[in-house]
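Coordinate inspection notes
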Amino acid sequence: RPFRLGVRLLELELKSGGDACCAMRVDDGPEQKSVAFAKAGTLAPWLANFSFWVAHPESSSLTIRATDGGKQLGVVSAPLASAVWDRDSKKDLPAPTWLDLSDGAGRVRAQLIVLKAPPAGAPHELKVLVGTWNVGNEPPPADLTSWLQCGQGRPKGGSRPPSRRNSTDDLAAATAGDLPAAPAKDDDSSASSKASSAKLPPVAPRDVANAAGAESDDSETDAEPDSSVGKKGKKGKKGKKDKKPQPPPPVPIPESGVAPKKFGTYDMVVVGCQEGDYDPRDGFDKCEDDWVACLANTLGDSYSLHCKNTLGQMRICAFVRADVAPAVHHWLKSTEATGLGHIMNNKGGVGISCRVWDTSVCFINSHLAAHDDMRKRRDDDFAEIVGGCRFGEKLECTEAFHHLVWMGDLNYRCEWGLEPGAEIKRKPTEERFNAMLAKVKGGPPGRAEIFKHDQLTCSRLAGDAFMGFQEGDPAKSHMPTFKVQREPGFNYKTQRTP
């Protein structure tokens, strides 16, 4: 059974300065190279993790070369025998250590963890929490534990500005591929989370997580984990006093996940959001920094951000638990815009993929066309994202991975209460709305009756979209989250069906 080495580059101190990188290899294996370190001598966490196969850690070593513009500044070799770790041992993770570079060039601080691979052919469980939320271009609460429950307890409060290490301003060169936010606004808002447990390495059916009734299409927002969030100033409504939510506490970057006091419940947490474009709160330069801060502090100190991707107002972030991180590698990204002219990125899909040991996993967050009468357009959006989101493979994403999890504001509606062939109108009659509301509040049996008319299920069974995917049982698990008033309980706005 081989091993996997996880390397997390934390700091680089050089006497010469400059835009230095680190190139690494195990013994005579292939070399991996980091991006240039920021001026502070650090890397953003999603750029700092590397993984290598290791056959014999007791006799192997990791070589790190510090380079600047192709010129080698210094080199160091670190034996791997002391980095072997097993969670069953109940010991702490191997601590980060300073490694001195040759020729007095400086030093690099890194954490090395070596894990033994599971037996070949044996089922191996990967426990993943997947969450999706259309935030409606509103700042989320700082505490999201009511939504993302990972067994870490509630995050500690605090409103002081985060460390500058959390800012992406110093990482412009590393994140040049990120796309700018689209100016178009299309207010939807809903929240959902789904725990997915996949048996690895056998191939399992693909999973689909519709946004728990994630549907909206107007200039009003829907249910969210906390009703205390106020409108941002430039969008405040007349007659209502704007409230500015408490900023999230500072993100423990880049040290989160280095020495966790308690391991979270899930091996990975993948979160997608739609309409995630709002004014960043005090202490944050960018909306993305604010959003990641909320997630990171909610998940706790056993997780670190390994990959993120953005398309306009859509975002996806993957957090990996520290004891699983060495086995997760080969991250790739892709996007596909399906908005106006198939160019505007207010709608579309944003995806990331990776390997866990030797099993490939892909996550796609999408925002499809809105309105009850646009089912065919949603089906077409799905097909376009499948054809356009490529991750270095010639195959489409639905065929290229062992596991594909699709999440987002898919915008499919329920056609309950309509006569066959009747015109689908965007605003329900008062009679149909009240009848549907009575069914919804009647409990799971009533919701199940309505869900029989779910457009997504109909498209899936007909082979028009999401063919081969499996979905959970939203009707049984929760109330609809579409058009819920921003107040305690489930009180729905009347301009759309729940």
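Residues numbered from 1 in each chain as written. Predicted model: local features only at pLDDT ≥ 70, side-chain atom pairs only at ≥ 80, totals over all residues. Heavy atoms only, no water.

1. What to know about the nonpolar core
- Val-128, Met-268, Val-270, Ile-316, Val-356 and Phe-363 are the most contacted members of the largest nonpolar core, which has 31 residues in total.
- Setting aside residues up to four positions removed in sequence, Ile-316 forms contacts with Val-270, Val-271, Gly-272, Cys-307, Lys-308, Asn-309, Val-350, Ile-352, Phe-363, Ile-364, Asn-365 and Met-407.
- Counting residues in hydrophobic clusters, the runner-up holds 30 residues, among them Phe-3, Val-7, Phe-37 and Phe-52. (Core = buried A, V, L, I, M, F, W, Y, C linked by side-chain atoms within 4.5 Å. Buried < 20%, exposed > 50% of the residue type's maximum accessible area, 1.4 Å probe, protein only. Contact = heavy atoms within 4.5 Å.)

2. Here we look at the sheet that holds strand β4 (residues 49-54)
- Strand order across the open sheet formed by four strands is β4-β1-β8-β7, with antiparallel pairing between neighbours. Each edge of the open sheet carries a strand with a single partner, namely β4 and β7 (97-100). Between one strand and the next, the sheet's axes are offset by a mean angle of 35 degrees, whatever the strand orientation.
- Here β7 runs beside strand β8 (residues 106-116); their pairing, made up of four bridges, is antiparallel. Counted as the bridge partner of Leu-99 is Val-108 from β8. (Pairing = 2+ DSSP bridges. Helix = DSSP H or I, 4+ residues; strand = E, 2+ residues; numbered from the N terminus. Axes fitted to C-alpha atoms, helices over the stretch in contact; angles between N-to-C directions.)

3. Comments concerning helix α4 (residues 444-451)
- Within the sequence span of α4, burial applies to Gly-446, Arg-447 and Ile-450. Looking down the long axis of α4, one finds its buried residues gathered within 95 degrees of arc, a one-sided arrangement.
- Along its buried surface, α4 packs onto α3 (430-440) and α6 (474-477). (Arc of directions from axis to C-beta.)

4. A closer look at the packing of α3 against α4
- At a minimum axis distance of 7 Å, the contact between α3 and α4 shows a crossing angle of 130 degrees. Classified by the interaxial angle, the pair formed by α3 and α4 is oblique. Of the residues in α4, those in contact with Met-436, Lys-439 and Val-440 of α3 are Gly-446, Arg-447, Glu-449 and Ile-450.
- Of the residues assigned to the contact of α3 with α4, the class counts are three nonpolar, one polar and three charged. (Parallel < 35°, antiparallel > 145°, perpendicular 65-115°, else oblique. Nonpolar A, V, L, I, M, F, W, Y, C, P; charged D, E, K, R; others polar.)

5. Description of the side chain of His-367
- Within the element layout of this structure, His-367 appears in strand β17 (residues 359-367).
- Reaching out from His-367, the side chain makes a polar contact with the side chain of Asp-409 at a distance of 3.4 Å. (Polar contact = N/O pair within 3.5 Å; in protein donor to acceptor, adjacent residues only side chain to side chain.)

6. Brief notes about the sheet that holds strand β2 (residues 21-26)
- Spatial strand order, β3-β2-β5-β6: four strands in an open sheet with antiparallel pairing. The open sheet is flanked by β3 (32-33) and β6 (71-79), the only strands paired with a single partner.
- Of the strand pairs in this sheet, strand β5 (residues 61-68) and β6 are connected by eight bridges, and their pairing is antiparallel. Residue Ser-61 lies in a different strand from β6, and its bridge partner there is Pro-79.

7. What about the pairing of β2?
- The buried fraction of β2 is high, at five of six residues.
- Sheet topology note: the β2/β5 ladder contains six bridges and is antiparallel. Looking across to β5, one finds that Val-26 is bridged to Leu-62.
- Pairing of β2 with β3 involves two bridges; the strand directions are antiparallel. Paired with Ala-23 across the two strands is Lys-33, which belongs to β3.
- Turn length for the β2-β3 hairpin, with the two strands adjacent in sequence and antiparallel, is five residues, and the turn residue Asp-27 shows positive phi of about 55 degrees.

8. Digging into the packing of aromatic side chains
- For the coordinates displayed, the defined rule picks out 13 aromatic pairs.
- Ring geometry for Phe-466 and Phe-469: centres 5.5 Å apart, planes at 75 degrees, overall edge-to-face.
- The class of Phe-466 is buried, set by a relative accessible area of 0%. (Phe/Tyr/Trp six-rings, centres within 6.5 Å; stacked < 30°, edge-to-face > 60°.)

9. Describing the side chain of Arg-8
- With respect to the helices and strands, Arg-8 occurs in strand β1 (residues 3-14).
- Looking at Arg-8, its side chain comes within polar contact range of the main-chain oxygen of Ser-256, at 2.6 Å.

10. Topic: the pattern of salt bridges
- In the structure shown here, the tally under the stated rule is 15 salt bridges.
- Among the ionic pairs, Lys-308 bridges to Glu-288, the shortest N-O distance being 3.2 Å. Of this pair, Lys-308 sits in strand β13 (residues 303-311) while Glu-288 is found in helix α1 (residues 287-299), placing the two residues 20 residues apart along the sequence. Take Lys-308 and Glu-288: they sit in the same class, and that class is buried. (Salt bridge = Lys/Arg side-chain N within 4 Å of Asp/Glu carboxyl O.)

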